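The primary structure of each chain is shown beneath.
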Amino acid sequence: MMLALVAMTGLAQTKTATIKGYSPALKDSTVAECIIENERVASDTVIGGRFTLTVPVEGLTMSNLFLLGEGCPNYLMTIWLRPGVDVKLTGTDCLYPLWKVDSPVHEQQTLSRIMEYGHETLADFLRLGLAKASWDEERPVYMKYLKQTMDVLPSLPVDAASLDELEGVAMMARNYTKDFPYMEQLKELEASTAARAPKGFEEQLALIHSQVYPPHILQVGEEAIDAELIDMQGQKHHLAEVLGQPGRYVLLDFWSLGCGPCRMAEPEMRRAYEQSQGKLEIIGINQDKISAWQEDNFSKNIAWKNWNDGKMGKGDIENSYCDMKAIPYYVLISPNKRILWKGAGYGVGWFMGLGSAINGPQQDNTANLQLAIRQVDTDTRGTTVSFRYYGQEGYWFRIVKDSYLEANGKKYKVTAADGIKLDENNYPKLKASAITEGIMGKLFFTDFTLTFEPFDTTPNTFDFKEGDGDGAFVIRNITIEK
């Protein structure tokens with residue numbers, strides 16, 4: 001009896017909502033997942049076109065449904081939940097974001113009205129994704145859907161659902177500030193929404209305002225600024241603790257637990273970090289819920305500073321450093337606190353190339369992180385530059401015969417190449433580590449030298465330019481050790 005009482009007490013304390021879905025088009029073995037705050041909280045496998053998700057919730061909760069299976073689009077469908085409710089989704093195809101949603105939650109009803117208004121446009125967007133169309137093809141369709149969302153929002157109540165949709169539009173506008181075609185409409189909508197919003201939404205309204213009218217975003221060449229973050233033990237830290245250390249570069253890594261490329265990049269970053277001790281500091285800035293971040297084993301094993309601002313990617317540090325809301329997002333800062341490079345996504349070989357550059361002569365190889373200069377030898381017969389290129393196995397690189405060094409206001413042409421063939425496809429030949437699995441198992445490198453005409457007068461620094469054609473890259477401010 002005591003055991004039964006304890007069990008019943010535990011059940012009573014667990015609040016849940018249920019999501020049930022059905023479509024005859026769903027293939028058996030399709031996986032249904034519910035995600036809350038970047039954390040998977042429920043999953044089920046489709047059988048006979050049906051799935052059921054029992055989702056833990058404490059109050060009004062925004063969740064995301066994701067179906068992984070043949071014919072299903074790569075799209076997170078928002079579903080609003082409350083404890084004790086049953087939400088039913090029904091459709092006849094695999095385009096589940098367009099299915100009918102039967103729910104007593106009024107925020108879900110608000111969202112359904114938005115989805116119905118832009119139904120056909122969203123359908124076109126989902127089909128383009130299934131056809132693996134490029135973003136250039138998808139973008140105008142998605143922009144049309146955002147426009148339709150803005151058109152319908154004034155007729156809807158200001159609640160958590162309508163504000164979340166407005167926030168999504170505002171964040172997209174921030175990512176494309178220079179060419180977002182509906183900026184004036186968005187500004188008017190933001191102001192009118194704030195004017196009629198009930199109490200309790202002040203924080204989200206402030207966030208939307210910061211996306212519509214973003215603060216200054218730091219650019220390459222500007223000085224880095226401080227920010228407050230916490231570590232996994234809850235202790236407060238400041239970026240200023242690590243910025244401006246003599247001879248030490250700082251890499252900011254904005255990442256999330258659910259981000260595949262973030263996890264993929266970690267082994268290469270770890271190897272570069274180990275090889276650059278004392279010269280490279282990495283600060284991981286996690287964008288997940290603090291409890292999920294603290295409890296995850298991947299997070300616990302990160303070798304460098306692993307911090308969080310508690311704002312889930314919506315804080316001041318992201319608004320100041322990141323040009324777009326994308327992860328992974330990287331910012332490289334020089335020892336004199338100047339921003340050297342910013343990049344979204346992950347390219348195989350980036351961080352090993354960055355580490356080689358940091359450990360070699362002083363240089364700025366941020367135009368092509370995979371290529372680094374390891375040594376420079378110059379005399380009256382010519383200048384020999386030793387390079388190392390990192391890349392994925394089977395992927396080629398090319399150096400044109402019109403490459404040159406620039407110094408003293410002159411060009412010094414390449415006269416010889418050893419280890420590669422100019423104007424031809426070259427492939428990295430040597431494994432970057434003994435690891436055989438994962439990305440490190442696919443990472444290779446090649447060492448080669450290029451010899452150039454001798455300098456008239458030995459400069460303090462020079463630039464390497466890979467020709468003058470479109471897409472040519474430059475390694476700048478290469479120091480000659482005397």
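Rules used in this analysis
- Residues numbered from 1 in each chain as written.
- Predicted model: local features only at pLDDT ≥ 70, side-chain atom pairs only at ≥ 80, totals over all residues.
- Heavy atoms only, no water.
- Pairing = 2+ DSSP bridges.
- Helix = DSSP H or I, 4+ residues; strand = E, 2+ residues; numbered from the N terminus.
- Axes fitted to C-alpha atoms, helices over the stretch in contact; angles between N-to-C directions.
- Contact = heavy atoms within 4.5 Å.
- Expected span 1.5 Å × (residues − 1).
- Disulfide = S-S within 2.5 Å.
- pLDDT = per-residue confidence, 0-100.
- Buried < 20%, exposed > 50% of the residue type's maximum accessible area, 1.4 Å probe, protein only.
- Polar contact = N/O pair within 3.5 Å; in protein donor to acceptor, adjacent residues only side chain to side chain.

### As for the sheet that holds strand β8 (residues 100–102)
Thinking step 1. Taken together, the four strands give an open sheet; going across it, the order is β4-β1-β7-β8, and neighbouring strands pair in mixed fashion. Strand pairing shows two members of the sheet lacking a second neighbour, β4 (50–56) and β8, which therefore form its edges. With strand direction ignored, the average angle separating the axes of adjacent strands in the sheet is 15 degrees.
Thinking step 2. In this sheet, strand β7 (residues 86–90) lies alongside strand β1 (residues 16–22) in parallel orientation, the contact comprising five bridges. Within β7, the position partnered with G21 by the bridge is L89.

### Overview of the side chain of E466
Thinking step 1. As for its position among the elements, E466 is in the loop between β22 (461–465) and β23 (474–479).
Thinking step 2. Contacts of E466, omitting those with residues within four sequence positions, involve R398, I399, V400, S403, A472 and F473.

### Let's talk about helix α6 (residues 183–196)
Thinking step 1. If you check α6, its first and last C-alpha atoms are 20 Å apart, about what 14 residues at 1.5 Å a residue would give, namely 20 Å.
Thinking step 2. Elements in contact with the buried residues of α6: α4 (135–152), α5 (160–175) and α7 (202–212).

### Details of the environment of P459
Thinking step 1. Along the chain, P459 turns up in the loop between β21 (443–452) and β22.
Thinking step 2. Separated by 51 residues in sequence, P459 and N408 place their C-alpha atoms 6.9 Å apart.

### Description of the state of the cysteines
Simply put, disulfide is the name for a covalent bond between the sulfur atoms of two cysteines.
Thinking step 1. Tallied over the full model, the rule gives one disulfide.
Thinking step 2. In this model, C259 is linked to C262 through a disulfide, with the two sulfur atoms separated by 2.3 Å. The disulfide joining C259 to C262 has a torsion of about 80 degrees about its S-S bond and is therefore right-handed.
Thinking step 3. Distance from the sulfur of C72, which forms no disulfide, to the nearest cysteine sulfur (C94) is 4.6 Å.

### Topic: the confidence of the model for the protein chain
Thinking step 1. In this model, the protein chain carries an average pLDDT of 92, and 97% of its residues clear a pLDDT of 70 or more.
Thinking step 2. Predicted confidence for residues 1–12 stays below pLDDT 50, and this span has zero contacts to residues more than four positions away or in other chains.

### Focus on the sheet that holds strand β5 (residues 61–68)
Thinking step 1. Ordered by their spatial adjacency, four strands build an open sheet running β3-β2-β5-β6, and the pairing between neighbours is antiparallel. The two strands at the open ends of the sheet, each matched to only one other strand, are β3 (39–45) and β6 (77–81). Averaged over all pairs of adjacent strands, the angle between strand axes in this sheet comes to 30 degrees, irrespective of strand direction.
Thinking step 2. Strand direction decides the pairing type here: β5 and β6, joined by five bridges, are antiparallel. Across the sheet, the residue bridging to T61 is L81, located in β6.

### A look at the environment of E190
Thinking step 1. Mapped onto the secondary structure, E190 falls in helix α6.
Thinking step 2. Given the relative accessible area of 9%, E190 is considered buried.
Thinking step 3. Residues E190 and G355 lie 165 residues apart in sequence; the distance between their C-alpha atoms is 45 Å.
Thinking step 4. Residues contacting E190, with those up to four places away along its chain left out, are L166, I208, H209, V212 and Y213.
Thinking step 5. Reaching out from E190, the side chain makes a polar contact with the side chain of H209 at a distance of 3.0 Å.

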